[in-house]
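In case you want the letters, here they are:
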Number of protein chains: 2
Amino acid sequence: MIRREFDRGLEGNVEQFTTIAIPGIPEIKEGDDIGTIICKQSRGIGGLLGGDIIVVASKIISKAEGRIIDKSSIKVSDKANELSQATGKPAPVCQLILDESSDLIVRGHTIVAHHKLGYILTSAGVDQVDEFHISLIPEDPDLSAKKMREKIEELSGKKIAVVITDSEGREDRAGAGAVALGVSGIDSIRRTASPSGKQQEETISDMIANAASLLIGQRGKNTPAVVLRGLNIGRNTESRLQDYLRK
Amino acid sequence: MIRREFDRGLEGNVEQFTTIAIPGIPEIKEGDDIGTIICKQSRGIGGLLGGDIIVVASKIISKAEGRIIDKSSIKVSDKANELSQATGKPAPVCQLILDESSDLIVRGHTIVAHHKLGYILTSAGVDQVDEFHISLIPEDPDLSAKKMREKIEELSGKKIAVVITDSEGREDRAGAGAVALGVSGIDSIRRTASPSGKQQEETISDMIANAASLLIGQRGKNTPAVVLRGLNIGRNTESRLQDYLRK
């Protein structure tokens, strides 16, 4: 359907996909069912289609799953105070970074953490939301993605995929890009052979997260959920990003 | 134009963009003018539009710019032989990695290199093309992007942007995503304020590179050039990715 515009009088087999922001997602609160909200709001883009890949910002899943921590509830250890002095980050944030990670490296003001789930994430994905609250990444992003996929499929009757994304920087450049934290419905990896026969593995879940983040990233616009439409990626309902982490 | 499909009877202000492979790019040889080839082949997608962002795989620029090295021409040093023994990579490849980088870290079979241009790149972007040839990244990817942008703008009469991309992995996960090596016509970084007032910097050049790589990556299909259409990113003809590298 979305291909029609280009199919008219053009060469056949033009490969393309469209990235569409789902409009009007309300402020998410603890206990909200994001899958239901996405289904409702996707009417604003004419509904979902089979094969759609829905990319959701991890922050709203953290909110729905109660992963927003009250700063005053955090007991700060000596180690967290030391980390705070070394990095200039607030001590409660440092405490949560220590709690969330198995290992960390301090580089100036940056903390590169091995999150206990296996990701390498700046500050272990711990983010100061406002003066009083700090967010953690979802407890099991693959499971969050799976539950959301199943709910959206049940409500929409369409077979779709879900990718959960977080912003994440690279050491060599300013600014942050995106990574996938969890997937359901498609594989994280695409394996292809180059013309020379060399096997190639691509982290398509991260490419999808980045494509969506071009729209998600524009803060203040309530676009934490985005659809990628027209990508021909094989279905896999058993997939987990965890299986592709190098631990 | 591409927005029409969704504008019919739907909510206003739906944000979206389309990622389209430019079909039928021939095998690139040294001396080829890729800008001219892209303009010609873009007829297959109905021509270019103002605001299009054209993403090009660095590999074909390396080919056009004579950055494919004959393996037999490489004089291997003792240091390259040592690196070869430590990593299992061919000694000529190791020699070029040493030549291209200012500093490197060996992690098992992986070489994380500080490329002399400032990027952190696996194997310094050195890639074995076939049994007899090894490719280096373009000598100055920002300049390659600028020349290509100017040529495409001259031929098409449209104001466009160019992003040069290479595949690149992350330490925590299998497979490779993409990074931008050079840009022209748009900034590498987008600065926005979150609702809480926190300044946010996003590496949109990398997000664009990744979105395109969902189509570029399918090897053997001759899709080394991809258009992102419908993204509303401000024009900057003086931009260089180099200015956003943390050196």
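Residues numbered from 1 in each chain as written. Chains lettered and ligands numbered in written order. Predicted model: local features only at pLDDT ≥ 70, side-chain atom pairs only at ≥ 80, totals over all residues. Heavy atoms only, no water.

If you look chain A up in an unreviewed UniProt entry, it shows as Coenzyme F420-0:L-glutamate ligase from Candidatus Woesebacteria bacterium RIFCSPLOWO2_01_FULL_44_14.

(A) Highlighting the overall build of chain A. Check the secondary structure of chain A and you find seven helices and 14 strands. A globule of 247 residues ought to have a C-alpha radius of gyration of about 18 Å, and chain A, at 19 Å, matches this closely. Every one of the 247 residues in chain A was classed for burial, and the buried ones make up 57%. In chain A, the share of contacts with a sequence separation of at least 24, taken over all contacts with a separation of at least 6, comes to 59%. As displayed, chain A has an accessible area near 10600 Å², and 47% of this comes from carbon and sulfur atoms. (Helix = DSSP H or I, 4+ residues; strand = E, 2+ residues; numbered from the N terminus. Rg over C-alpha atoms; globule rule 2.2 N^0.38 Å. Buried < 20%, exposed > 50% of the residue type's maximum accessible area, 1.4 Å probe, protein only. Contact = heavy atoms within 4.5 Å. Areas by Shrake-Rupley, 256 points an atom, 1.4 Å probe, with all protein chains shown as cover.)

(B) Structural context of the packing of helix α2 (residues 34-41) of chain B against helix α6 (residues 141-156) of chain B. All names here are of chain B. Here α2 crosses α6 at 40 degrees, and the two axes come no closer than 8 Å. Taken together, the axes of α2 and α6 are oblique relative to one another. In this structure, the crossing between α2 and α6 has a hand that is right-handed. Residues Ile 34, Gly 35, Thr 36, Ile 38 and Cys 39 of α2 form the contact with α6, whose own contacting residues are Met 148, Lys 151, Ile 152, Leu 155 and Ser 156. Of the residues belonging to the contact of α2 with α6, the class tally is six nonpolar, three polar and one charged. (Axes fitted to C-alpha atoms, helices over the stretch in contact; angles between N-to-C directions. Parallel < 35°, antiparallel > 145°, perpendicular 65-115°, else oblique. Left-handed = near helix turned anticlockwise from the far one by under 90°. Nonpolar A, V, L, I, M, F, W, Y, C, P; charged D, E, K, R; others polar.)

(C) Region of interest: the sheet that holds strand β6 (residues 120-122) of chain A. Residue and element names in this part refer to chain A. In spatial order, the strands read β4-β5-β6; together these three strands make up an open sheet with antiparallel pairing. Strands at the two margins of the open sheet, each flanked by one partner only, are β4 (101-107) and β6. Each strand axis lies, on average, 25 degrees off the axis of its neighbour in the sheet, ignoring direction. Across three bridges, the pairing between strand β5 (residues 110-115) and β6 is antiparallel. (Pairing = 2+ DSSP bridges.)

(D) Local environment of the pairing of strand β13 (residues 225-229) of chain B. All names here are of chain B. Burial runs high along β13: five of the five residues are buried. Pairing of strand β1 (residues 16-21) with β13 involves four bridges; the strand directions are antiparallel. Directly across from Ala 21, in β13, lies its bridge partner Val 226. By the bridge criterion, four bridges tie strand β2 (residues 53-57) to β13 in an arrangement that is antiparallel. When the sheet's bridge partners are listed, Ile 53 is paired in β13 with Leu 228.

(E) Main features of helix α5 (residues 91-100) of chain A. Residues and elements named next belong to chain A. Extensive coverage of α5 is indicated by the burial of nine of its 10 residues. The complete set of buried residues in α5 reads Ala 91, Pro 92, Val 93, Cys 94, Gln 95, Leu 96, Ile 97, Leu 98 and Glu 100. Among the structural elements, β3 (68-70), α4 (78-87), β4, β5, β7 (127-128) and β8 (133-135) are those in contact with the buried residues of α5.

(F) Main features of the domain arrangement of chain A. Residues and elements named next belong to chain A. Here chain A is described as being made up of domain 1 (4-67 + 137-244) and domain 2 (69-135). A separation of 27 Å is found between the C-alpha centroids of domain 1 and domain 2. Every contact between the two is made by 14 residues of domain 1 and, on the other side, 13 residues of domain 2. Of the roughly 1100 Å² buried between domain 1 and domain 2, counting both surfaces, carbon and sulfur atoms make up 48%. Summed over the three residues of domain 1 that lose the most area to domain 2, namely Arg 67, Ile 137 and Glu 168, the buried surface amounts to 45% of that side. Taken together, the links from domain 1 to domain 2 amount to three salt bridges. Among the ionic pairs, Asp 127 bridges to Lys 59, the shortest N-O distance being 2.8 Å. Contributing elements (two or more residues each) for the side of domain 1 that touches domain 2: β9 (161-169) and β10 (176-186). (Domains from an automatic or database assignment. Buried area = accessible area lost by both parts, 1.4 Å probe. Salt bridge = Lys/Arg side-chain N within 4 Å of Asp/Glu carboxyl O.)

(G) The arrangement of the packing of helix α7 (residues 204-216) of chain A against helix α7 (residues 204-216) of chain B in detail. At a closest axis distance of 8 Å, the pairing of α7 of chain A and α7 of chain B adopts a crossing angle of 125 degrees. Here α7 of chain A lies oblique to α7 of chain B, going by the angle between them. The handedness of the crossing between α7 of chain A and α7 of chain B is left-handed. From α7 of chain A, Ile 204, Met 207, Ile 208, Asn 210, Ala 211, Ser 213 and Leu 214 of chain A reach across to α7 of chain B, where they touch Ile 204, Met 207, Ile 208, Asn 210, Ala 211, Ser 213 and Leu 214 of chain B. Considered class by class, the residues forming the contact of α7 of chain A with α7 of chain B number 10 nonpolar, four polar and no charged.

(H) Broad picture of the side chain of Ser 123 of chain B. Mapped onto the elements of the fold, Ser 123 of chain B is located in the loop between β6 (120-122) and β7 (127-128). When near neighbours in sequence (up to four residues on either side) are disregarded, Ser 123 of chain B contacts Lys 89, Ile 97 and Ile 111 of chain B.

(I) Region of the structure containing α7 of chain A. Its 13 residues place the ends of α7 of chain A 18 Å apart at the C-alpha level, agreeing with the 18 Å of an ideal helix rising 1.5 Å per residue. Extensive coverage of α7 of chain A is indicated by the burial of 13 of its 13 residues. (Expected span 1.5 Å × (residues − 1).)

(J) Region of the structure containing the nonpolar core. If you look at the biggest cluster of nonpolar residues, it comprises 110 residues, and the most contacted ones within it are Leu 228 of chain A together with Leu 228 of chain B. Excluding residues within four positions of it along the chain, Leu 228 of chain B makes contact with Leu 214 of chain A together with Phe 17, Thr 18, Thr 19, Gly 51, Asp 52, Ile 53, Val 55, Ile 208, Ala 211 and Ala 212 of chain B. (Core = buried A, V, L, I, M, F, W, Y, C linked by side-chain atoms within 4.5 Å.)

(K) Highlighting unusual backbone geometry. Within the chain, Ala 124 of chain A stands out as a residue other than glycine whose phi angle is a positive 55 degrees. Looking at the element boundaries, Ala 124 of chain A is found in the loop between β6 and β7. According to the relative accessible area criterion, Ala 124 of chain A is buried, its value standing at 0%. In this structure, Ser 123 of chain B takes a positive phi of about 55 degrees despite not being glycine.

(L) Fine view of the pattern of salt bridges. Per the counting criterion, the structure on display carries 32 salt bridges over all chains. Note that Arg 173 of chain B and Asp 206 of chain A form a salt bridge whose closest N and O atoms lie 2.8 Å from each other. Taken together, the positions of Arg 173 of chain B in the loop between β9 (161-169) and β10 (176-186) and Asp 206 of chain A in helix α7 put the pair across two chains. For Arg 173 of chain B, a relative accessible area of 2% corresponds to the buried category.

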